[in-house]
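Listed below, chain by chain, are the residues.
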Amino acid sequence: MASPVLNLDQLRRYAVARSLFAPTTLPKALQRLGFVQADPLRAPARVQDLTLRHRVAGYQVGDLESRYDQLPIEEDFFVNYGFVRRDLHHLMHPRTARIVWSAARMKQAQEVFAFVREVGVVRPVQVDAHFDHGRVVNWFGGNSKASTQLLEGMHYRGLLRVVRREGGQRLYAVREHEPSGQGAEVSMDALVDVIVAKYAPLPAASLGQLVSLLSGGIPQWRQHRQAMLQRARLRLPTAEVDGTTWFWPEGENPASRRHGVEDQVRLLAPFDPVVWDRRRFEQLWGWAYRFEAYTPAAKRVRGHYAMPLLWRDQVIGWANVSAKSGVLTPDVGFVGAAPKDKAFAVALDDELHRMAVFLKLIEA
């Protein structure tokens, strides 16, 4: 089949319209997204909440965490850490971690596993009090309780699951294995399809990057990532636009006129699917967006937690939003001149009102 003739305007509208679908229920949004990235920073809310607010009708901050134990999702590592559909979670396990535990560490894990099975649901502090494993150096150079690190390693290996969180702290239980019934190649391709469905349209380099990141979710198949990528390149629809090869899911048409543009402003999380791919962002919108939360304050260009500002199908600026003393305080900046038309001013006010409702600062 011949590749369609596309231009960047069509790809831009397609990228926005397919990701920012009409708000639906939380279960349906999670089913469609497949995976929602998580991050502990709250400025003004965690990224998972900021992502879902655009896609779930009536969503308010904390809804995912409060309803987590009622939803068919699991906390786990996919292409990064977050919330993944349970059917996809099963495809990634049993997972063989890249770091091989020593015999002593394995013995500790077996003892903790037996303890968790007996107790049912445990907090890290309970395990630490029962076993007194001491402290270890964590990945960023600080000190952590060894039991906390051990529980995280057992969770990654699929021995434990996160039952829920209380005050941001993970509570663990034994994970009961549920075989997916799929072969390895079928499972790998299904996981790649979830990536493409979430982040399309994807430049070829970004597709390769995401397949490499998927190795963190399926380290037991790390050696097959080039074969995964090659199969994806062969079976996915593709087109070349301005010298870049783009990919998208089977059955979709980036040139379709149904990818309309709404007179709406949206403040997007730094890891929202629309803006996550910085390479694609710069190709579609012509400027470089960087997440600066971990950049020294003196070197920040746009702010600690600058959220890209989408107007219609153009990302024209950013906003840092805070909620002080129950009042929403936005600091808005623009790449060029701010739009002068009244429609933009009205749409921006509407988005700030939606943000205040989402943060539970005001009633809907």
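Whatever comes next refers back to the structure up there.
Overview of the structure. (Residues numbered from 1 in each chain as written. Predicted model: local features only at pLDDT ≥ 70, side-chain atom pairs only at ≥ 80, totals over all residues. Heavy atoms only, no water.)

Quick look at the overall build of the chain
Definition in use: For the purposes of this entry, the term helix denotes a DSSP run of H or I that reaches at least four residues, the term strand denotes a run of E that reaches at least two, and both are numbered from the N terminus. As defined in this context, the radius of gyration uses C-alpha atoms, and a globule is described by 2.2 Å times the residue total to the power 0.38. Note on classification: 1.4 Å probe, protein chains only; a residue is buried when its accessible area is under 20% of the maximum for its type, exposed when over 50%, partly exposed between these limits. Residue contacts follow a heavy-atom distance rule, with two residues in contact if any of their heavy atoms lie within 4.5 Å.
The helix and strand tally for the chain stands at 13 helices and 14 strands. In summary, the chain has a C-alpha radius of gyration of 22 Å against a globular reference of 21 Å for 364 residues, a match within 12%. For the chain, the C-alpha atoms occupy an extent of roughly 65 × 60 × 40 Å along the three principal directions. Counting over 364 residues, the chain shows a buried share of 50%. Across the chain, contacts joining residues at least 24 apart in sequence account for 62% of those joining residues at least 6 apart.

Considerations on the nonpolar core
Rule in force here: By nonpolar core we mean a set of buried residues, namely Ala, Val, Leu, Ile, Met, Phe, Trp, Tyr and Cys, connected to one another through side-chain atoms within 4.5 Å.
With 106 residues, the main nonpolar core has Leu-52, Phe-78, Leu-207, Leu-214 and Met-355 as its most contacted residues. Apart from residues no more than four positions distant in its own chain, Leu-52 is found in contact with Leu-26, Leu-30, Leu-33, Val-36, Tyr-59 and Leu-64.

Considering the packing of helix H1 (residues 8-19) against helix H12 (residues 278-285)
Heads up, the rule is: Between the N-to-C directions of two axes lies an angle of 0 to 180 degrees, each axis being a line fitted to C-alpha atoms and, for a helix, fitted only over the stretch in contact. Should an angle lie under 35 degrees it is considered roughly parallel, over 145 roughly antiparallel, and from 65 to 115 roughly perpendicular; all remaining angles are considered oblique. Less than a right angle of anticlockwise turn of the near helix away from the far helix marks a crossing as left-handed, whereas a clockwise turn marks it as right-handed. Charged residues are taken to be Asp, Glu, Lys and Arg, nonpolar residues to be Ala, Val, Leu, Ile, Met, Phe, Trp, Tyr, Cys and Pro, and polar residues to be all remaining types, Gly included.
Put simply, H1 and H12 touch, their axes get as near as 9 Å, and they point 130 degrees apart. The angle between the axes of H1 and H12 places the two elements in the oblique class. The two elements H1 and H12 meet at a crossing, and its hand is left-handed. Contact with H1, carried on its side by Leu-8, Leu-11, Arg-12, Ala-15 and Val-16, involves Arg-280, Gln-283, Leu-284 and Trp-285 of H12 and no other residues of that element. Of the residues belonging to the contact of H1 with H12, the class tally is six nonpolar, one polar and two charged.

Observations concerning the pattern of salt bridges
To be explicit about the condition: Any carboxyl oxygen of Asp or Glu that lies within 4 Å of a side-chain nitrogen of Lys or Arg is treated as forming a salt bridge with it.
One pass over the full model with this rule turns up 23 salt bridges. Glu-185 is the partner of Arg-231 in a salt bridge, and the nearest nitrogen-oxygen pair spans 3.8 Å. In this pair, Arg-231 sits in helix H11 (residues 225-235) while Glu-185 sits in helix H9 (residues 184-199), placing the two residues 46 residues apart along the sequence. According to the relative accessible area criterion, Glu-185 is partly exposed, its value standing at 46%. Salt bridges here are not isolated pairs; linked through shared partners, they connect Glu-185, Asp-189, Asp-193, Arg-231 and Arg-235.

Considerations on the sheet that holds strand S13 (residues 314-324)
Each strand in a sheet pairs with another by means of backbone hydrogen bonds, the pair being arranged parallel or else antiparallel. Heads up, the rule is: Pairs of strands are assigned from DSSP output, requiring at least two bridges between the strands.
Pairing is antiparallel in the open sheet, where four strands are placed in the order S11-S12-S13-S14. Looking along the sheet, the strands with just one partner apiece sit at the ends: strand S11 (265-267) and strand S14 (327-334). Averaged over all adjacent pairs, the angle separating strand axes in this sheet is 30 degrees, with direction ignored. Here S11 pairs with strand S12 (residues 307-311) via three bridges, running antiparallel. Residue pairing across strands places Val-265 opposite Trp-311, the latter belonging to S12.

Notes on the sheet that holds strand S8 (residues 202-203)
The three strands lie next to each other as S8-S10-S9, forming an open sheet whose pairing is antiparallel. The open sheet has two edge strands, S8 and strand S9 (238-241), and neither has a second partner. Relative to strand S10 (residues 244-247), S8 runs antiparallel, the two being bridged by two bridges. Paired with Leu-202 across the bridge in S10 is Phe-247.

These results come straight from atomic positions and should not be treated as a statement about function.
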